[in-house]
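Chain by chain, the residues run as shown.
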Amino acid sequence: MESLSDVVNMPVLWFSALAVFAVIIVQTVIYVGAARRAGPDVGFTKRDLRESFRAGGVAAIGPSLAVVIVAIALLPLFGAPAVLVRIGLVGSAATETSSANLAAGTMDAQLGGATWTPEVFAVAFTAMSLSGGMWMLATLILTPMLKRGDTKLRAVNPALMAIVPSAALLGAFASLGIAELPKSSVHIITVVVSAVVMAGCLLLAKALHAPWLREWGLGFAIIVGLVVAYFAHGAGMGPAA
């Protein structure tokens, strides 16, 4: 019988991980090329495009750090190939572990425990993959439908579609942040400090006419939040009241 280490590092999983990242790279090249071709038609100069690509790349640094932390957290459970496959597609530790935990529970097993056998891993990883696959399929099907709705709303009230996406993003991220607050005082401090750092970067960017601060703000907020969370946790702060 193969050991858990042999199963989580099977060549087919490594091949799948490399295939996923190959698709991501190809998509990136296609989208960048499309943006360059469409830029002149919407009044974007080459300089505007360079600044947009730079801003996007810098803004991705902060979230990428979070994805790295998610990967490190999942490595002991699922091994490198499976983590690379899942993080390359989803990137949410909560989503992945909840799917795996539910699947393991059907076999009276627990993640990372003595009952975490190769068979349980196979079932859990299948559940994770199906969960991510259905998420991507739903996105593929619903996106064209939402686009048609967007077109109709723009025809009725163009200003509305300038507000709705911003409000949706604000509501989504606010709900995620608020959901962390009841967990412990460490979560409260981390959320508050991160918000203050982000607000400070935005204010300084405006006052100093330094656009790069706006671009780097998310990364600074995440890094400072991680440092504060580390020291707050080390101080032994208990659950929130």
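For the structure itself, look to the data block above.
Calculation rules
- Residues numbered from 1 in each chain as written.
- Predicted model: local features only at pLDDT ≥ 70, side-chain atom pairs only at ≥ 80, totals over all residues.
- Heavy atoms only, no water.
- Helix = DSSP H or I, 4+ residues; strand = E, 2+ residues; numbered from the N terminus.
- Contact = heavy atoms within 4.5 Å.
- Expected span 1.5 Å × (residues − 1).
- Buried < 20%, exposed > 50% of the residue type's maximum accessible area, 1.4 Å probe, protein only.
- Polar contact = N/O pair within 3.5 Å; in protein donor to acceptor, adjacent residues only side chain to side chain.
- Phe/Tyr/Trp six-rings, centres within 6.5 Å; stacked < 30°, edge-to-face > 60°.
- 1 Å grid on protein atoms, 1.4 Å probe; cavity = no way out; pocket = protein on both sides within 12 Å on 5 of 7 lines; lining within 4 Å.
- Points joined across faces, edges and corners; volume = space filled by probe spheres on them.
- Nonpolar A, V, L, I, M, F, W, Y, C, P; charged D, E, K, R; others polar.
- Salt bridge = Lys/Arg side-chain N within 4 Å of Asp/Glu carboxyl O.

A. Summary view of the overall build of the protein. For the protein, the count of helices and strands is nine helices and zero strands. Counting contacts in the protein only where the partners sit at least 6 residues apart, residues at least 24 apart contribute 60% of the total.

B. Fine view of helix H8 (residues 185–207). If you check H8, its first and last C-alpha atoms are 33 Å apart, about what 23 residues at 1.5 Å a residue would give, namely 33 Å. Among all positions of H8, only Ser185, Val186, Thr190, Ser194, Val197, Cys201 and Ala205 are buried. Backbone nitrogen of Val186 and a side-chain oxygen of the N-cap are separated by 3.3 Å at the start of H8; the cap is Ser184. Immediately beyond the C-terminal end of H8, within one or two residues, lies His209, with a positive phi of roughly 55°.

C. The packing of aromatic side chains, seen in detail. Taken as a whole and assessed by the stated rule, the structure comprises four aromatic pairs. Aromatic pair Trp116 and Phe121: ring centres 6.3 Å apart, planes at 85°, arrangement edge-to-face. Between the aromatic rings of Phe121 and Phe125, the centroid separation amounts to 5.8 Å while the plane-to-plane angle is 5°, which identifies the pairing as stacked. Taken as a pair, Phe121 and Phe125 lie in helix H6 (residues 118–156) at a separation of four residues, close to a single helical turn.

D. Quick peek at the layout of surface pockets. Considering only enclosed or pocket space, the second largest pocket measures out at about 180 Å³ in volume. Taken together, Ile24, Gln27, Thr28, Tyr31 and Val32 make up the full set of residues lining the second largest pocket. Classifying every residue of the lining of the second largest pocket by side-chain character gives three nonpolar, two polar and no charged.

E. Just unusual backbone geometry, in detail. You will see that Asp108, though not glycine, has its phi angle at about 55°, which is positive. Among the secondary structure elements, Asp108 is positioned in the loop between helix H5 (93–105) and H6.

F. How the structure looks around the pattern of salt bridges. All told, the structure shown has one salt bridge when counted by the stated rule. Arg47 is paired through a salt bridge with Glu51; the nearest N and O atoms lie 3.3 Å apart. With Arg47 and Glu51 both in helix H3 (residues 46–59) and four residues apart, this pair spans about one turn of that helix.

G. Region of interest: the environment of Glu180. For Glu180, the position within the fold is in helix H7 (residues 158–180). On the accessibility criterion, Glu180 (27% relative accessible area) is partly exposed. C-alpha of Glu180 to C-alpha of Val191: the two residues are eleven residues apart in sequence and 7.9 Å apart in space.

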